[in-house]
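Each chain, letter by letter, is given below.
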Amino acid sequence: MPFSPSRLVRTIMTSVTQETAPALAAAAGLTQKRVPIPSRGVDYRGKIVLAPMVRSGELPSRLLALHYGADLVWGPETVDRAMIGTTRRINSRTGCVEWTRVPTNNVKKEMFDESVIYRVDPVREAGRHIFQIGTSDPTRAVECAKLVAADVSGIDVNAGCPKPFSTHAGMGAALLRTPDKLVSILEALVAEIKPAFDIGISVKIRLLETPAETETLVRRLCATGITGLTIHCRTTPMRPRERAIRGQLRMVAGICHDYGVACVMNGDVEGRDHGLELMAEYGTDGAMIATCAEKNGSCFRAKADGGLATWEEAVAKYMRFAMEVENKFHNTKFMLTQMVPGKSPKYKELTPCKSYGKLVEVLGLTELEEMARKTDELMKLVTVEGSSGNDKSKVAETAGDEKKKNKNNLTNDVQQENLKRKRGDGDEEAEKQQPPPSTRINVSEAVEAAAVEQQSSQPVAAAVAAS
Ligand SMILES: Cc1cc2nc3c(=O)[nH]c(=O)nc-3n(C[C@H](O)[C@H](O)[C@H](O)COP(=O)(O)O)c2cc1C
């Protein structure tokens, strides 16, 4: 009988039953083993995602990334101790879920009612937000995760931050050298959070020095029951400006696939199209973007859909999101210094701004003036003359001299950080990140800014995080 492809297909179709199909497909390499994704969780496969970034990954940055097409967004690393003891509330004006704490220090208490440690938009981030924990202890990790698990779609553990404040406390990249501890943290989260909240657990690591070391670690992590693993293609001692190395990537992806864990690649991914190309080339399931998204969140938009927007467009959208969610003023201003090119005349004009009104004026965003005025009033960024953000007028003295001092420090903070970055004499990533967790806890906006400034003028400046 002559060979007939259609008869062959018919024969196969009739002999394949529901029971035999998966085994046949697996044997033919058509499907991969997959750790089941919990019903409220998300699968990292096929996704281009926003990286966790302290400072640069606050809510407005995440909304910007989502607006331009990011599939998932990681929140900035939040240290377990900073979250434990916070109170969850819904902000009735914005609809956001906020975890707050009252400052313990009396002076700070007088100045600020409470400080927002973490903020989620339950509508716009629904199903797309991953919370990243900084931790070195399974019990604390679980305690922290329980506070947010009902409001997010996944819990990720940071095992890549190389900076002393993190590693001294046994967190971040220190966990790469204490794999037993890292495994116990992941196992505790998988056992206690995954079934109770129906979301997955993942981990973000760096490359180890040799492929053999990386392989051993990745195998152990994949066996814990995690659903995803992100590999930042740099080793711990590597600086952010050193090019990512991709030599071990196929091997890492292969191990993840053996265990049914989604593998996300990270390091020098420039945008959606680039991420998809790299995923195809190296066999990873997803790609994560940090630095390029920090500069312009529209990197998540495919070329076919318009590609990278101008910085002016991205900044205008960012400003609207920042005010909509009542983002801390100093964080908004800091982000603008990342998004507005240094060569633009507007860049210098941002430095003295002390209110949303003034930022909007400098950026020429007349359509946002009214929104800025209301935001300034709400955040008490108004001036004594009543016109918000006027440099000639004095900042309202409601909180006394200390508040004014802190506000000045705020400006210095941004200036110093950017100066160092531009000089390239520091670890750029480190300089953009937060103060050590000890200073983050119980500090409110201006006090926090002052603390960063104080840090950056001391040798411990290098202790600011970079993952
Ligand atoms: C400003 C900034 C803050 C970061 N904060 C975190 C963090 O909180 N947690 C983390 O795992 N990595 C953090 N990282 C590292 C990034 O997530 C990412 O791994 C790294 O920047 C490499 O990606 P890229 O080459 O796209 O920048 C941070 C990076 C930057 C630039």
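Under an unreviewed UniProt entry, the protein has the name DUS-like FMN-binding domain-containing protein and belongs to Pseudoneurospora amorphoporcata. We quote the UniProt Cofactor (unreviewed entry) comment for the protein here in full: "FMN".

### Observations regarding the packing of helix 15 (residues 311-324) against helix 18 (residues 356-363)
Two elements in contact, helix 15 and helix 18, have axes separated by 12 Å at closest approach and are oriented at 165 degrees. Of the possible angle classes, the one that applies to helix 15 and helix 18 is roughly antiparallel. Helix 15 and helix 18 meet at a crossing whose hand is left-handed. Contact residues: Val 315, Met 319 and Met 323 in helix 15; Tyr 356, Leu 359, Val 360 and Leu 363 in helix 18. Class assignment for the residues of the contact of helix 15 with helix 18 results in seven nonpolar, no polar and no charged.

### A closer look at unusual backbone geometry
Despite not being glycine, Arg 55 has its phi angle at roughly 70 degrees, a positive value. Relative to the elements of secondary structure, Arg 55 occurs in the loop between strand 1 (47-50) and helix 3 (59-67). Even without being glycine, Lys 380 reaches a positive phi, approximately 60 degrees. Tracing the backbone shows Lys 380 in the loop between helix 19 (369-378) and helix 20 (400-423).

### A short note on the pairing of strand 8 (residues 154-159)
The buried fraction of strand 8 amounts to six of the six residues, a majority that puts the element mostly inside the structure. You can see the chain leave strand 7 (residues 129-134), run along helix 6 (residues 138-148) and come back into strand 8, and the turn it takes is right-handed. One ladder, built from six bridges, connects strand 8 with strand 9 (residues 200-207); its direction is parallel. Within strand 9, the position partnered with Ala 159 by the bridge is Ile 205.

### As for the nonpolar core
Ranked by internal contacts, the top residues of the largest apolar core, which has 113 residues, are Ala 70, Ala 145, Leu 189, Leu 229, Cys 256 and Ile 289. If you tally residues by element for this core, the top one is helix 15, at seven residues. The residues that make up this core include at least three from each of domain 1 (47-305) and domain 2 (311-458).

### Describing the sheet that holds strand 5 (residues 97-101)
Strand order across the open sheet formed by three strands is 4-5-6, with antiparallel pairing between neighbours. Looking at strand neighbours, the two that pair on one side only are strand 4 (87-90) and strand 6 (115-120), the edges of this open sheet. For this sheet, the mean angle separating the axes of adjacent strands, direction not counted, is 30 degrees.

### Brief notes about the packing of helix 9 (residues 179-192) against helix 11 (residues 211-222)
Where helix 9 meets helix 11, the closest approach of the two axes is 9 Å, and the angle between their N-to-C directions is 25 degrees. Here helix 11 runs roughly parallel to helix 9, going by the angle between their axes. As helix 9 runs across helix 11, the sense of the crossing is right-handed. Between helix 9, through Pro 179, Val 183 and Leu 186, and helix 11, the contact on the second element is made entirely by Leu 217, Arg 220 and Leu 221. Tallied by class, residues from the contact of helix 9 with helix 11 come to five nonpolar, no polar and one charged.

### Here we look at the environment of Met 339
By the element assignment, Met 339 lies in helix 16 (residues 329-339). On the basis of neighbour count, Met 339 is assigned to the buried category, with 21 C-beta atoms found within 10 Å. Distance in space between the C-alpha atoms of Met 339 and Trp 311 is 6.6 Å, their sequence separation being 28 residues. In contact with Met 339, not counting residues within four places along its chain, are Lys 295, Asn 296, Trp 311, Ala 314, Val 315 and Tyr 318.

### Focus: the environment of Glu 125
With respect to the secondary-structure elements, Glu 125 resides in the loop between strand 6 and strand 7. The exposure class assigned to Glu 125 is buried, which follows from the 23 C-beta atoms found within 10 Å. Setting aside residues no more than four positions away along its own chain, Glu 125 makes contact with Arg 62, Leu 66, Val 73 and Val 120.

Thresholds, definitions, all that
- Residues numbered from 1 in each chain as written.
- Predicted model: local features only at pLDDT ≥ 70, side-chain atom pairs only at ≥ 80, totals over all residues.
- UniProt positions renumbered as here; feature names shortened; annotations may be inferred.
- Axes fitted to C-alpha atoms, helices over the stretch in contact; angles between N-to-C directions.
- Helix = DSSP H or I, 4+ residues; strand = E, 2+ residues; numbered from the N terminus.
- Parallel < 35°, antiparallel > 145°, perpendicular 65-115°, else oblique.
- Left-handed = near helix turned anticlockwise from the far one by under 90°.
- Contact = placed C-beta atoms within 7 Å.
- Nonpolar A, V, L, I, M, F, W, Y, C, P; charged D, E, K, R; others polar.
- Buried ≥ 20, exposed ≤ 12 C-beta atoms within 10 Å, placed from the backbone.
- Right-handed = clockwise from strand over helix to strand, strands pointing away.
- Pairing = 2+ DSSP bridges.
- Core = buried A, V, L, I, M, F, W, Y, C linked by C-beta atoms within 7 Å.
- Domains from an automatic or database assignment.

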